[in-house]
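Descriptive analysis of the structure
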Amino acid sequence: MPLINMPEFSTHLLDEFAARGTARIDTPVIQPAAPFLDMAGEDLRRRIFLTESETGESLCLRPEFTIPVCLRHIENATGTPRRYCYLGEVFRQRREGDNEFYQAGIEDLGETATANADARAVNDAMQILHNLIPGRRLNVTLGDQAVFEAVVRALGLPGGWQKRLIQSFGNNAHLRHLLMTLASPQAETGLSPELAALLSQDEAALIAHIDRTMEETGYSTNASRSPREIAARLKEKQSLAETRLDGSALLLLSEFLSLEMSLSEAPAALAGFADAAGLAMGAALVTFQARAEAMADLGVDLTKVTYRAAFGRPLDYYTGLVFEVSRDNAVLAGGGRFDRLMTLLGANEDIPAVGFSLWLDRIEQARAR
């Protein structure tokens, strides 16, 4: 039996979902932990309640619904496009509020008109919240993972640094730390003088040195990385540690991350930024503008939506749109696009996907106020 009561407006919420052509889906409370540990991001990984089966499989209490819904879709081999809704309990450690709470939402799988699907997700979240909390001003914040990735790639950084920056999107403190590191790189420490010298020499000598060291210390190449893999990783770490982002590029990235304005102004501002900086961001900007136009066509007032270039959400699987709807500093809904997740979870083909979640306990508090 649930330890907490389902909110009284849940029936109304399910009616809202049904009116939007969604099919309700349920997933087990006990989930395999690996997909969440591999794909959900550091912030969620720290909050998961883990356990273990009798056979040693790592399990967890369901911390969110997106991954379980995608897994169930793949398991059932259901065709797309398909719109799912869900309502149930999730379990994760939170700084505020209960660790067990109800979450609901919509996952839109397989819709190839991505700008329209993005716009529909944002509009649905806004409309549902307006209906649940009538007459209250809601704050809508929107970001775009793909636009940030386009800026980072256009700067020409090494692949390892691009990956680090992209993975930190949405974690502003970590992103600032990485930018400071790029501005003032530090030499790799903790290496023996012999190993440090070999890193600047022929790779074969480095591999041979690692191989001898592993044999002398009893490490088995069958149980760990091979000498060649270790050598490649050491060289990559050295390259990353020595990379310096020149002042103009650092200023450019900082300027981009400081952009904040209404969504009505954002497409022109981003195009102007790309032109002035000489950055090739074509596809990302085309998608961004198409999404804004699709939102306006649905009746969303773009002047009431805030675009923040540095805004992301703490889940690693997002690939494009990210957004949140809040009131009184409490996030009531959040979501975005996750086009790579389905194939990472085992789908045989690429399936575009976008969705959002609603935090029912926070909505209940907002309704009470």
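Residues numbered from 1 in each chain as written. Predicted model: local features only at pLDDT ≥ 70, side-chain atom pairs only at ≥ 80, totals over all residues. Heavy atoms only, no water.

Per an unreviewed UniProt entry, the protein chain goes by ATP phosphoribosyltransferase regulatory subunit and derives from Rhizobium wenxiniae. Looking at the Sequence similarities (unreviewed entry) heading of the UniProt record, one finds this comment for the protein chain: "Belongs to the class-II aminoacyl-tRNA synthetase family. HisZ subfamily." Turning to the protein chain, the UniProt annotation filed under Function (unreviewed entry) states: "Required for the first step of histidine biosynthesis. May allow the feedback regulation of ATP phosphoribosyltransferase activity by histidine." (UniProt positions renumbered as here; feature names shortened; annotations may be inferred.)

As for the packing of helix 5 (residues 114-132) against helix 14 (residues 282-297)
Running from amino to carboxyl end, helix 5 crosses helix 14 at an angle of 50°, the nearest separation of the two axes being 8 Å. Taken together, the axes of helix 5 and helix 14 are oblique relative to one another. The element helix 5 and its partner helix 14 pack so that their crossing is right-handed. Taking contact as the criterion, the partners of Ala115, Asn116, Asp118, Ala119 and Val122 in helix 5 are, on helix 14, Ala290, Arg291, Ala294 and Met295. Considering only residue class, the contact of helix 5 with helix 14 consists of six nonpolar, one polar and two charged. (Axes fitted to C-alpha atoms, helices over the stretch in contact; angles between N-to-C directions. Helix = DSSP H or I, 4+ residues; strand = E, 2+ residues; numbered from the N terminus. Parallel < 35°, antiparallel > 145°, perpendicular 65-115°, else oblique. Left-handed = near helix turned anticlockwise from the far one by under 90°. Contact = heavy atoms within 4.5 Å. Nonpolar A, V, L, I, M, F, W, Y, C, P; charged D, E, K, R; others polar.)

Some words on the packing of helix 7 (residues 159-167) against helix 8 (residues 172-183)
Two packed helices can be described by the angle between their axes and the distance between those axes. Axis separation between helix 7 and helix 8 bottoms out at 9 Å; the angle between their running directions is 155°. The orientation of helix 7 with respect to helix 8, classified from their angle, is roughly antiparallel. The way helix 7 lies across helix 8 gives a crossing that is left-handed. For the pair helix 7 and helix 8, the contacting residues are Trp161, Arg164 and Leu165 in the first and Leu175, Leu178, Leu179, Thr181 and Leu182 in the second. Its residues assigned to classes, the contact of helix 7 with helix 8 comprises six nonpolar, one polar and one charged.

Digging into the sheet that holds strand 4 (residues 58-61)
The strand order across the open sheet built from three strands is 2-4-3, with neighbouring strands paired in antiparallel fashion. Unpaired on one side and paired on the other, strand 2 (30-32) and strand 3 (50-52) mark the two borders of the sheet. Averaged over all pairs of adjacent strands, the angle between strand axes in this sheet comes to 40°, irrespective of strand direction. The pairing of strand 3 with strand 4 spans three bridges and is classified as antiparallel. By the bridge assignment, glutamate 52 is partnered in strand 4 with serine 58. (Pairing = 2+ DSSP bridges.)

A few points about unusual backbone geometry
For the bond running from threonine 80 to proline 81, omega is 5°, close enough to zero to count as cis. Relative to the helices and strands, proline 81 resides in the loop between helix 4 (66-76) and strand 5 (82-91). Phi at aspartate 328 takes a positive value of approximately 55°, unusual for a residue other than glycine. For aspartate 328, the location among the structural elements is in the loop between strand 10 (321-327) and strand 11 (330-337).

Examining the packing of aromatic side chains
Per the stated rule, a full pass over the model turns up seven aromatic pairs. The interplanar angle of 40° and the centroid separation of 5.7 Å between the aromatic rings of phenylalanine 256 and phenylalanine 273 together place this pair among those described as tilted. Here phenylalanine 273 lies in helix 13 (residues 266-277) and phenylalanine 256 lies in helix 12 (residues 247-257), a separation of 17 residues in the sequence. Exposure remark for phenylalanine 273: the relative accessible area of 6% places this residue in the buried category. Taken together, the ring pairs in this structure connect Phe148, Phe169, Phe256 and Phe273 into an aromatic cluster. Directly above the ring of phenylalanine 101 sits arginine 94, whose terminal nitrogen or CZ lies 3.7 Å from the centroid. (Phe/Tyr/Trp six-rings, centres within 6.5 Å; stacked < 30°, edge-to-face > 60°. Buried < 20%, exposed > 50% of the residue type's maximum accessible area, 1.4 Å probe, protein only. Lys NZ or Arg CZ within 6 Å of the ring centre and 35° of its normal.)

Some points on the environment of valine 90
Counting through the fold element by element, valine 90 comes out in strand 5. It is 6.1 Å that separates the C-alpha atoms of valine 90 and tyrosine 102, two residues lying twelve residues apart in sequence. Ignoring anything within four residues of it in the chain, the contact list for valine 90 reads Arg62, Pro63, Glu64, Phe65, Asn99, Glu100, Phe101 and Gln103.

Some words on the nonpolar core
One finds Leu13, Leu165, Phe256, Leu263, Tyr307 and Leu358 to be the most contacted residues of the largest nonpolar core, which totals 104 residues. For this core, the element with the highest residue contribution is helix 5, accounting for nine residues. What leucine 13 contacts, discounting residues up to four positions off in sequence, is Leu87, Ala104, Ile128, Leu132, Leu358 and Leu360. (Core = buried A, V, L, I, M, F, W, Y, C linked by side-chain atoms within 4.5 Å.)

Description of the UniProt feature "binding site: L-histidine" (unreviewed entry) in the protein chain
Residues given the UniProt feature "binding site: L-histidine" (unreviewed entry) here are Glu64, Phe65, Thr66, Arg92, Gln103, Glu107, Arg313, Tyr317 and Tyr318. Relative to the assigned elements, glutamine 103 resides in strand 6 (residues 100-109). With sequence-adjacent residues up to four places away left out, glutamine 103 is seen in contact with Glu64, Phe65, Tyr86, Leu87, Gly88, Val90, Arg92, Ser357, Leu358, Trp359 and Leu360. In this fold, arginine 313 is placed in the loop between strand 9 (305-308) and strand 10. Polar side-chain contacts of arginine 313 include one of 2.8 Å to the side chain of tyrosine 318. (Polar contact = N/O pair within 3.5 Å; in protein donor to acceptor, adjacent residues only side chain to side chain.)

Remarks on the environment of isoleucine 25
For isoleucine 25, the position within the fold is in the loop between strand 1 (23-24) and strand 2. Taking the relative accessible area as the measure of exposure, isoleucine 25 reaches 10% and is therefore buried. Remark: the alpha-carbon pair of isoleucine 25 and histidine 73, spanning 48 residues in sequence, is separated by 9.3 Å. Every residue in contact with isoleucine 25, bar those within four places of it in the chain, is listed here: Val69, Arg72, Tyr84, Cys85 and Tyr86.

Focus on the sheet that holds strand 10
If you trace the nine strands from one edge of the open sheet to the other, you get 1-5-6-12-11-10-7-9-8, paired in mixed fashion. Across the chains shown, the open sheet's two edge strands, defined by having one partner strand only, are strand 1 and strand 8 (260-262). In the packing of helix 5 onto the sheet, the strands contacted are strand 5, strand 6, strand 7 (139-144), strand 10, strand 11 and strand 12 (353-359), and the crossing angle to strand 12 comes to about 10°. Across the sheet, helix 16 (residues 360-368) is in contact with strand 5, strand 6, strand 11 and strand 12; its angle to strand 12 comes to roughly 50°.

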